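# Understanding the architecture of this molecule
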Amino acid sequence: MWSRLAHNILRFRVTLMVILAIITAFMGYQSKNIKWSYDLANIVPEDDADMVYFRQFRETFGEDGNIMAMGVQDSSIYQLENFKKFSELTFNLEKKEGVRNVLGLPNLQKLEKNNQKRAFELKPVFDKIPEDQETLDSLLAGAARLKFYSGQLINSDNGATLVLITIQKEVLNSKNRDQLVNSIIAEGEAFEEATGIDVHFAGLPYSRSITTSKVKAELNMFLVLSLIVTGIILFLFFRSFKAVIFPLIIIGVVVVWVLGTLALLEYKITLLTGLIPPIIVVIGIPNSVYMLNKYHHEYQAHGDQMKALSRIIRKIGVVTFITNLTTAVGFFVLVSTQINVLVEFGIVAGINILATFVVSIILIPGVFSLYKPPTSKHLKHLNFKLMDGVIRWLDLAVHKLRPAIFALTIAVVVVSAFGLSKIKAVSYMVDDIPENSPLKKDLYFFEQNFSGIMPLEIIVDTGDKKGVQNLKNLRKIDEFESFISSIDYISQPVSVVSFAKAARQAFYNQSEAFYSLPTNRDMAFIMRYLSEGETEELSESFIDSTGRYVRVSLKIADIGSSRLDSLVNQVITPQIDSIFHDSNMEVNLTGTTLMFIKGNKFLIENLLTSMVIAFVIIAIIMGLLFRNLKMIIISVIPNMIPLLITAGIMGYFGIHLKPSTALIFSIAFGISVDDSIHFLAKYRQELFACRFNVSEAISKSIRETGSSMIYTSIILFFGFIIFVLSEFGGTIALGKLTSITLFFAMITNVVVLPALILQFDSGKRDKTKHPLIESVPELAEGIDEDDEPVESSK
């Protein structure tokens, strides 16, 4: 089959290259339809009970993750001229398209009792901007007495204050969000420049917008860097511009196909799918390295260019296909997670890794057949003294130092296993952001002054229609809120209870002493005033239409999944049981923060499951190839050790297990096993040529495939290490940990794998078994189709 394929590819090379050009043009045309994703990734399955409840919450009470906050802490904000500018800032924000409402000190409203109408009315604290400092101070003192806002908009201890900007739902998940957020930031910066008062920003719309903008910039940077790095390494290896340009052309073609695939499948660009082009650059280059190295080895051996190009396809075409297939499996298994962002990433990456094989197997032989044969200058790398010395030492070590190799390997495994036991699974809402970044510093400002900015929602089911009007129920909720507000990293709650307290304070002429729930005596009067007042819109945000369900809205610090899980299950839930055990009320926690943390847990579990699936599928592929349990185990061990080493490093250095770090294991395993397949295929070929002399077959395999394995590993290492230049910890982890894994995979595949084969493979062939690899004559035998002995490297 592969002999016929080689013949047809070389015979119809021009036609095939024209077809590839047409497909590439089509994909390039389709790529203009690509769109960026502005949605918050939905990781928890739609039918999950908590997700169903969260959707019901949003349908009843609206979005909880659509607030952007602007904060200041400077006593000069309360000076007349600065306060005027602060008021101007607030009113400018109200006018912006896409802003639903703005709540800040300058436009603060209060409940005011109208005895004539026997109703409460909402009145602005500042009817107009004061003209003198004395009037301003008097109004500010009045605002400070409004206990409803204490801890929400104003920090009474240090004077810090907030402006809360609620963004329309339609804008939140569209490209207009970034424009709006940038416009809000510009207003804040203009105020900062005019007054010298530092302005801080936070909230999910802000963090999502900043992250998206940085990701866009980084993706272009990484694509360019990956091309430059791989190009330089290729030139250093092959000392030929042709050996640089054409592999990069192949990668350029596949990158266009990636973009076209995204457009055809109607997938939007996310943080993950945006990483595919630079990943394809790094993963696709090894195909060219193996093919060019084989081409040069063959040409050096017999000097026949067309024969050498034909043997590229016949001798390593099937191996390259299998290695690309196993790499693609590492991505395709992400489909099993049933998480849209990972499914899309896995499908697009998997398809185009296989496409890389198709493009490479056509273009490398086809293009080089149109050029003159390589000169002695181009073949110098085959006799690179340093590499020759390394290869000779590896061959010697494998044959003479096997006990030391096995002892060192066992020691590394034991130490790594202990490190693995120290890994903790922790993720944050604003994760992977550098500690010194403005976004992280601003987040700390809100956590220090307002206990956080991340949304947390509690829903109380009173059990009865209009149960919210039952004073006994309100007292239960008040007791629970008092407990919640005592926790350092949770803000003062906002609910119908705090609203009822504010109403009582207003009823008694804003006396702070009366900020408490109505008593049995004044309950009827206050309810009458509320029913006649202008408070319907406010109450709808915290009570459902039946009066049965009550919303308690909180803000919480970004304390991480581990602490949040302990807080909910070991602190809040027991207190709920204690307070509400003697009532028919039910209390549930929900909100974007909890769903995000649950999503990350779900994601980690599924990524680890996908790694196991990848392991099983690749083991099956190896089983089909060799039909020898011993060889399957031998081939898998060198590729599991690097994963264990990486996990150990994570444990020792406190690198948490989170989606960005869990992702690397299935991907790295799929890539690293490629070297094992190349080596085992060559070993099998040499085993037949050397009349089943294992030692001689190992030596020849190391000499021919060793350099290619090292070259490709160096390319993969430096190709992934460029991701450490990212500003995002997740991307840095992907680059750093994948590079480390692939570096150790290179060592285990060129040292441990041959040592294991020498130790455990007798070289005897069971003639009753016919593994799949023997059905490919070019791999199974050391004889060429015209009965010439297969030449090995000189």
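Residues numbered from 1 in each chain as written. Predicted model: local features only at pLDDT ≥ 70, side-chain atom pairs only at ≥ 80, totals over all residues. Heavy atoms only, no water.

## Here's the deal with a nonpolar patch on the surface
Test applied: For patch building, the residue pool is restricted to those with more than 30% relative accessible area and no salt bridge; the joining distance is 9 Å between like charges and 5 Å between nonpolar side chains (Val, Leu, Ile, Met, Phe, Trp, Tyr). Working definition of accessibility: Shrake-Rupley area with a 1.4 Å probe, residue cover restricted to the visible protein chains. The salt bridge definition used is simple: a Lys or Arg side-chain nitrogen within 4 Å of an Asp or Glu carboxyl oxygen. A helix here means a DSSP run of H or I that spans at least four residues, while a strand means a run of E at least two residues long, and both kinds are numbered starting from the N terminus.
A surface patch of nonpolar side chains, amounting to about 750 Å² of accessible area, comprises Val224, Ile228, Ile232, Phe235, Leu236, Phe241, Ile245 and Ile249. Among the elements of the structure, helix H8 (204-238) and helix H9 (242-264) are those that each provide at least two residues to the nonpolar patch. For the nonpolar patch, the element with the highest residue contribution is H8, accounting for 5 residues.

## A short note on the packing of H8 against helix H24 (residues 694-721)
Stated precisely, the cut-off is as follows: Throughout, an axis means a line fitted to C-alpha atoms (over the contacting stretch in the case of helices), and angles, computed between N-to-C directions, take values from 0 to 180 degrees. Put simply, angles under 35 degrees are roughly parallel, angles over 145 are roughly antiparallel, angles from 65 to 115 are roughly perpendicular, and the rest are oblique. Helix crossings fall into two classes, left-handed where the near helix is turned counterclockwise from the far one by less than a right angle and right-handed where it is turned clockwise. Any two residues whose heavy atoms approach within 4.5 Å at even a single point are treated as in contact. Gly is placed with the polar residues, together with every amino acid not listed as nonpolar (Ala, Val, Leu, Ile, Met, Phe, Trp, Tyr, Cys and Pro) or charged (Asp, Glu, Lys and Arg).
The N-to-C vectors of H8 and H24 enclose an angle of 155°; their axes lie 9 Å apart at closest approach. On the basis of their axis angle, the class for H8 and H24 is roughly antiparallel. Classified by chirality, the crossing of H24 by H8 is right-handed. Of H24, the residues touching H8 (which contributes Val229, Thr230, Ile233, Leu234 and Phe237) are Tyr711, Ile714, Ile715 and Phe718. Of the residues belonging to the contact of H8 with H24, the class tally is 8 nonpolar, 1 polar and no charged.

## Comments concerning H24
Basically, it comes down to this: The angle between axes fitted to the seven-residue stretch ending at a residue and the seven-residue stretch beginning at it gives the bend at that residue. Any pair of N or O atoms that falls within 3.5 Å is considered a polar contact. Within protein, one atom must be able to donate a hydrogen and the other to accept it, and sequence-neighbouring residues count only if both atoms are side-chain atoms.
Of all the bends in H24, the greatest, near 45°, is centred on Thr705. Between the side-chain oxygen at the start of H24 and the backbone nitrogen of Ser695 there is a gap of 3.3 Å, and the oxygen is on Asn693.

## Here we look at the pairing of strand S5 (residues 161-167)
Spelled out, the test is: Residue burial is assigned from relative accessible area. The probe radius is 1.4 Å, only protein chains are included, and a residue is buried under 20% of its type maximum, exposed over 50%, and partly exposed in between. Between any two strands, pairing holds if DSSP finds at least two bridges.
Of all 7 residues in S5, 7 are buried; the element is thus mostly enclosed. With burial as the criterion, each face of S5 is covered, one bearing Thr161, Val163, Ile165 and Ile167 and the other bearing Leu162, Leu164 and Thr166. Strand direction decides the pairing type here: strand S1 (residues 67-72) and S5, joined by 6 bridges, are antiparallel. Counterpart to Ala69 in the pairing with S5 is Leu164. Of the strand pairs in this sheet, strand S2 (residues 99-104) and S5 are connected by 5 bridges, and their pairing is antiparallel. Looking across to S5, one finds that Val102 is bridged to Ile165.

## Some details on helix H20 (residues 561-580)
The principal kink in H20, of about 35°, is found at Ile572, preceding the proline Pro574 by one to four residues. If you check which residues of H20 are buried, you get Ser561, Leu564, Leu567, Val568, Ile572, Ile576, Ile579 and Phe580.

## Let's talk about the side chain of Ser240
Along the chain, Ser240 falls in the loop between H8 and H9. Taking the relative accessible area as the measure of exposure, Ser240 reaches 8% and is therefore buried. Within polar-contact distance, the side chain of Ser240 engages the backbone nitrogen of Lys242 at 3.3 Å. Leaving out residues up to four positions away in the same chain, Ser240 has contacts with Phe235 and His378.

## Brief notes about the packing of helix H1 (residues 2-11) against helix H11 (residues 305-332)
The N-to-C vectors of H1 and H11 enclose an angle of 125°; their axes lie 9 Å apart at closest approach. The pairing of H1 with H11 is recorded here as oblique in orientation. Here H1 runs over H11; the crossing is right-handed. For the pair H1 and H11, contact is made by Trp2, Ser3, Leu5, Ala6, Ile9 and Leu10 and by Met306, Leu309, Ser310, Ile313, Arg314, Gly317, Val318 and Phe321, respectively. Considered class by class, the residues forming the contact of H1 with H11 number 10 nonpolar, 3 polar and 1 charged.

## A short note on the sheet that holds strand S8 (residues 549-556)
The 3 strands lie next to each other as S8-S7-S9, forming an open sheet whose pairing is antiparallel. The strands lining the two open edges of the sheet, one partner per strand, are S8 and strand S9 (586-590). Neighbouring strand axes in the sheet, compared pairwise and without regard to direction, differ in orientation by 20° on average. Pairing analysis gives 8 bridges linking strand S7 (residues 454-461) to S8, with the strands arranged antiparallel. Counted as the bridge partner of Asp461 is Tyr549 from S8. Helix H16 (residues 471-485) contacts S7 and S8 of the sheet and is inclined by roughly 10° relative to S8.

## Let's talk about the environment of Ser695
Looking at the element boundaries, Ser695 is found in helix H24. On the basis of relative accessibility, which here comes to 31%, the residue Ser695 falls in the partly exposed class. Along the sequence, Ser695 and Ile757 sit 62 residues apart, while their C-alpha atoms lie 9.2 Å from each other. In this view, Ser695 contacts His399 and Leu758; residues no more than four positions away in its chain are not counted. In this structure the side chain of Ser695 is engaged in a polar contact, spanning 2.8 Å, whose partner is the side chain of His399.

## Let's talk about the packing of aromatic side chains
Using the following cut-off: Two aromatic rings, drawn from Phe, Tyr or Trp (for Trp, its six-membered ring), form a pair once their centres lie within 6.5 Å of each other, and the interplanar angle then sorts them: stacked below 30 degrees, edge-to-face above 60, tilted otherwise. Put simply, a charge is over a ring when the Lys NZ or the Arg CZ is close to the ring centre, within 6 Å, and near the line of the ring normal, within 35 degrees.
For the structure shown, the criterion picks out 25 aromatic pairs. By the ring-pair criterion, three or more aromatic residues cluster together here, those being Phe83, Phe86, Phe126 and Phe191. The ring centre of Phe507 lies 4.7 Å from the NZ or CZ of Lys113, which sits over that ring. Lying over the aromatic face of Tyr489, Arg563 brings its terminal NZ or CZ to 4.9 Å of the ring centre.

## Overview of unusual backbone geometry
If you check the backbone angles, Lys466 has positive phi at about 60° while not being a glycine. Structurally, Lys466 is set in the loop between S7 and H16. Judged by its relative accessible area of 53%, Lys466 falls in the exposed class. Even without being a glycine, Phe692 presents a positive backbone phi close to 65°. By secondary structure assignment, the location of Phe692 is in the loop between helix H23 (659-689) and H24.

## Remarks on the confidence of the model for the chain
Operational definition: Summary of the metric used: pLDDT quantifies the predictor's per-residue confidence within the range 0 to 100.
In the predicted model, the chain carries a mean pLDDT of 85, and 94% of its residues have values of at least 70. When the criterion is pLDDT under 50, residues 777-794 qualifies, and its contacts beyond four places in sequence or with other chains add up to 46 contacts.

## Examining the pattern of salt bridges
With the rule as written, the count across this model stands at 20 salt bridges. Between Lys601 and Asp565 there is a salt bridge, with its nearest N and O atoms 3.0 Å apart. Of the two residues, Lys601 is situated in helix H21 (residues 592-626) and Asp565 in helix H20; the sequence distance between them amounts to 36 residues. In this structure, Glu696 and Lys700 form a salt bridge, with 3.7 Å as the shortest nitrogen-oxygen distance. Here Lys700 and Glu696 lie together in helix H24, a separation of 4 residues that amounts to about one turn. Judged by its relative accessible area of 35%, Glu696 is partly exposed.

## Brief notes about the sheet that holds S1
The 4 strands are arranged S2-S5-S1-S6 in an open sheet whose pairing can be described as antiparallel. Single-partner strands in this sheet number two, and they are S2 and strand S6 (200-202). Here the strands of the sheet are splayed against their neighbours by 15° on average, with no regard to which way each runs. Sitting on the sheet, helix H15 (residues 438-450) is in contact with S1, S5 and S6, with an inclination near 90° to S6.

## Things to note about the environment of Leu172
By the element assignment, Leu172 lies in helix H6 (residues 169-172). In sequence terms Leu172 and Ile715 are 543 residues apart; their C-alpha atoms lie 41 Å from each other. With residues up to four places along the chain from it excluded, the contact list for Leu172 reads Tyr38, Glu63, Gly65, Asn66, Ile167, Arg177, Pro205 and Arg208.

## Quick word on the side chain of Asp442
Put simply, the test is: Asp and Glu are treated as the negative residues and Lys and Arg as the positive ones, with His and the ends of the chain left uncounted.
Mapping Asp442 onto the fold places it in helix H15. Lys441 provides the closest opposite charge to the buried, unpaired Asp442, separated from it by 8.7 Å. Residues within four places of Asp442 in sequence aside, it is in contact with His200, Phe201 and Tyr206.

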